[in-house]
Amino acid sequence: MPIPDDVTGEEIDADVRQELLSLPKGLAEDVSRNLVMVARLIDEDPEGAYAYSRIALRLASRVAAVREAAGFAAYANQKYSEALAEFRAARRMTGNVDLWPVMADCERGLGRPEKALDMAGAPEVHKLDKAGQVEMRLVAAGARRDMGQLDAAIVTLQSPELASNSVQPWTARLRYAYADALLAAGREDEAREWFAKAVESDKDGSTDASDRLAELDGVEFVDALVEDEDEVEVATEAEAEDEIDAEDEIDAEDEIETEDDDEDDDDFDIVEAEQTKPVVEADDDDEAPRG
């Protein structure tokens, strides 16, 4: 697949670049450029990112960073079985537990929420950093909801991280998940409160909390572009009707003029006929007898 000229491969993280040092220079450059394309496209064009990840995987399947990138690309395309296999391979290579939460979420995607809950209680969770532990909590709550256990999902999300007033990278998503679970359980007033808190902490727009809050408040947003298009369409229809009316008026006037012309022609024919009518002179034989 083509790669833009501005992609050099130097854009990747230093840790990944270090892993690629085990490859020949030219090969390492090709792999790194494909990994850059995976990172660039994974949010807006998951299918494109997946295609580039397969190329990188074909070139360097023994590099853990490549297996991890391939896993995330598959995950973004909901290819959960494939993603789980790649994450497991990357973990075997590195011994790192950072991928544990997303591996558990793959189990959810495969319809195995019970397995995800088992992973949430595994010793590996204690080795995760704070962000990883919060992510694991989100996955566990999702698994509870998959199993129809709404109250348990709400309790799972109740944590010191949720109650904290400090804003961390995970705060908005945690508050959003809690608000969504409350709403699913029919606790609308509490859900509104937590959606509002999610909006306060969502500085980069990672959730649609503001839209959900507006929906609860009964606020409707109108797409200005669609509205303009509708106005243009109405105006165009009105112009078309005006043109049709104008054409009808012109046709009517032409018809009237045509009728007048026909009448004038008839009058002209009568006059012409009278003018050309032969004059009959009296014959001498027809003169009256004189007395």
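To start, this report covers the structure provided alongside it.

About the criteria used
- Along each chain, residues carry numbers from 1 onward, in the same order as the chain's sequence is written.
- pLDDT decides what is reported in this predicted model: residues at 70 or higher carry local features, side-chain atom pairs at 80 or more are listed and counted, and totals for whole chains, interfaces and linings draw on all residues regardless.
- To get the side-chain values, take all heavy atoms of the structure and skip hydrogens and water.
- In this description a helix means any DSSP run of H or I spanning at least four residues, a strand means any run of E spanning at least two, and both kinds are numbered starting from the N terminus.
- Take the buried Ala, Val, Leu, Ile, Met, Phe, Trp, Tyr and Cys residues and link them wherever side-chain atoms come within 4.5 Å; each set so joined is a nonpolar core.
- For the exposure calls, accessible area comes from a 1.4 Å probe over protein chains only, and a residue counts as buried if that area is under 20% of its type's maximum, exposed if over 50%, partly exposed in between.
- Should any heavy atoms of two residues lie within 4.5 Å, those residues are considered in contact.
- For this analysis, a salt bridge means a side-chain nitrogen from Lys or Arg found within 4 Å of a carboxyl oxygen belonging to Asp or Glu.
- Only Phe, Tyr and Trp rings take part, Trp by its six-membered ring, and two of them pair if their centres are within 6.5 Å. Stacked means planes under 30 degrees apart, edge-to-face means over 60, and tilted covers everything else.
- Whether a charge lies above a ring is judged from NZ of Lys or CZ of Arg, which has to be within 6 Å of the ring centre and within 35 degrees of the ring normal.
- Like charges within 9 Å and nonpolar side chains (Val, Leu, Ile, Met, Phe, Trp, Tyr) within 5 Å are joined into patches, using only residues over 30% in relative accessible area that form no salt bridge.
- Surface accessibility in these figures is a Shrake-Rupley result with a 1.4 Å probe; residues are shielded only by whichever protein chains are displayed.
- When charges are tallied, Lys and Arg are placed among the positive residues and Asp and Glu among the negative ones, while His and the ends of the chain are skipped.
- For the purpose of locating charges, the reference atoms are NZ of Lys, CZ of Arg, CG of Asp and CD of Glu.
- The span expected for a helix works out to 1.5 Å for each residue beyond the first.
- Pairs of N or O atoms within 3.5 Å make up the polar contacts considered here, provided that, within protein, one atom can donate a hydrogen while the other can accept it, and that residues adjacent in sequence are counted only when both atoms are side-chain atoms.
- Convention adopted: a line fitted to C-alpha atoms gives each axis, helices being fitted over their contacting stretch, and angles between N-to-C directions are expressed from 0 to 180 degrees.
- Just so you know how the angles are binned, under 35 degrees is roughly parallel, over 145 roughly antiparallel, 65 to 115 roughly perpendicular, and the rest oblique.
- Ten residue types, Ala, Val, Leu, Ile, Met, Phe, Trp, Tyr, Cys and Pro, are classed as nonpolar, four, Asp, Glu, Lys and Arg, as charged, and the remainder, Gly among them, as polar.

**Thoughts on the overall build of the protein**
Next up, step 1: Counting its secondary structure elements, the protein contains 14 helices and zero strands.
Next up, step 2: Listing each helix as α and each strand as β along the protein from the N terminus yields α-α-α-α-α-α-α-α-α-α-α-α-α-α.

**Concerning the nonpolar core**
Next up, step 1: Within the largest apolar cluster, 45 residues are counted, with the highest numbers of intra-cluster contacts made by Leu20, Val31, Leu35 and Val66.
Next up, step 2: Per-element tally for this core: the top contributor is helix α2 (residues 25-41), with seven residues.
Next up, step 3: Not counting the four nearest positions on each side in its chain, Val66 is found in contact with Val31, Leu35, Ala56, Leu57 and Ala60.
Next up, step 4: Counting 20 residues, the second largest nonpolar core, distinct from the first, contains Val134, Ala141, Ala198 and Leu213.

**Section: the pattern of salt bridges**
In a structure, side chains of opposite charge can pair up when their charged atoms sit close to one another.
Next up, step 1: With the rule as written, the count across this model stands at 16 salt bridges.
Next up, step 2: Ionic pairing is found between Asp180 and Arg145, a salt bridge with its closest N-O pair at 2.9 Å. With Asp180 in helix α11 (residues 171-184) and Arg145 in helix α8 (residues 130-146), the pair connects residues that are 35 residues apart, well separated along the chain.
Next up, step 3: By relative accessible area, which is 31% here, Arg145 ends up partly exposed.

**Focus: the packing of aromatic side chains**
Next up, step 1: The full count for this structure, using the stated rule, is four aromatic pairs.
Next up, step 2: Taken together, a centroid distance of 5.9 Å and an interplanar angle of 75° make the contact between Tyr75 and Tyr80 edge-to-face.
Next up, step 3: Exposure remark for Tyr75: the relative accessible area of 24% places this residue in the partly exposed category.
Next up, step 4: Taking relative accessible area as the criterion, Tyr80 reaches 22% and is therefore assigned partly exposed.
Next up, step 5: With a centroid separation of 5.1 Å and an interplanar angle of 90°, the aromatic rings of Tyr178 and Trp194 are classed as edge-to-face. Of this pair, Tyr178 sits in helix α11 while Trp194 sits in helix α12 (residues 188-201), placing them 16 residues apart in sequence.
Next up, step 6: Across from the ring centre of Tyr50, 5.2 Å away, lies the NZ or CZ of Lys79, which sits over that ring.

**A short note on a negative patch on the surface**
Next up, step 1: On the surface, a cluster of negative charge is made up of Asp13, Asp15, Glu19, Glu68, Asp98 and Asp129.
Next up, step 2: Among the secondary structure elements, Asp98 is positioned in the loop between α5 (80-94) and α6 (100-109).
Next up, step 3: For Asp98, a relative accessible area of 52% corresponds to the exposed category.

**Structural notes on helix α4 (residues 64-76)**
Next up, step 1: An ideal rise of 1.5 Å per residue puts 18 Å on 13 residues; α4 measures up with 18 Å between its terminal C-alpha atoms.
Next up, step 2: Listed in full, the buried residues belonging to α4 are Ala64, Ala65, Val66, Arg67, Ala69, Ala70, Gly71, Ala73 and Ala74.
Next up, step 3: Of the surrounding elements, those touching the buried residues of α4 are α1 (14-19), α2, α3 (46-59) and α5.

**Let's talk about the side chain of Glu86**
Next up, step 1: In this fold, Glu86 is placed in helix α5.
Next up, step 2: Beyond its immediate stretch of four places on either side in the chain, Glu86 contacts Arg54, Leu57, Arg67, Ala70 and Gly71.

**Some words on unusual backbone geometry**
Next up, step 1: With a phi close to 60°, Gln78 is a non-glycine residue in the positive phi region.
Next up, step 2: On the secondary structure map, Gln78 appears in the loop between α4 and α5.
Next up, step 3: Overall, the relative accessible area of 59% leaves Gln78 in the exposed class.

**Topic: the environment of Ser164**
Next up, step 1: Considering the arrangement of structural elements, one finds Ser164 in the loop between α10 (160-163) and α11.
Next up, step 2: Among the polar contacts listed, one links the side chain of Ser164 to the side chain of Ser166, at a separation of 2.8 Å.

**So, the packing of α8 against helix α9 (residues 150-157)**
Next up, step 1: Where α8 contacts α9, the two axes come as close as 7 Å, and the packing angle between them is 170°. Looking at the two axes, α8 sits roughly antiparallel to α9. Contacts from Arg137, Leu138, Ala140, Ala141, Arg144 and Arg145 in α8 reach Leu150, Ala152, Ala153, Thr156 and Leu157 in α9.
Next up, step 2: Across the contact of α8 with α9, the residue classes tally to seven nonpolar, one polar and three charged.

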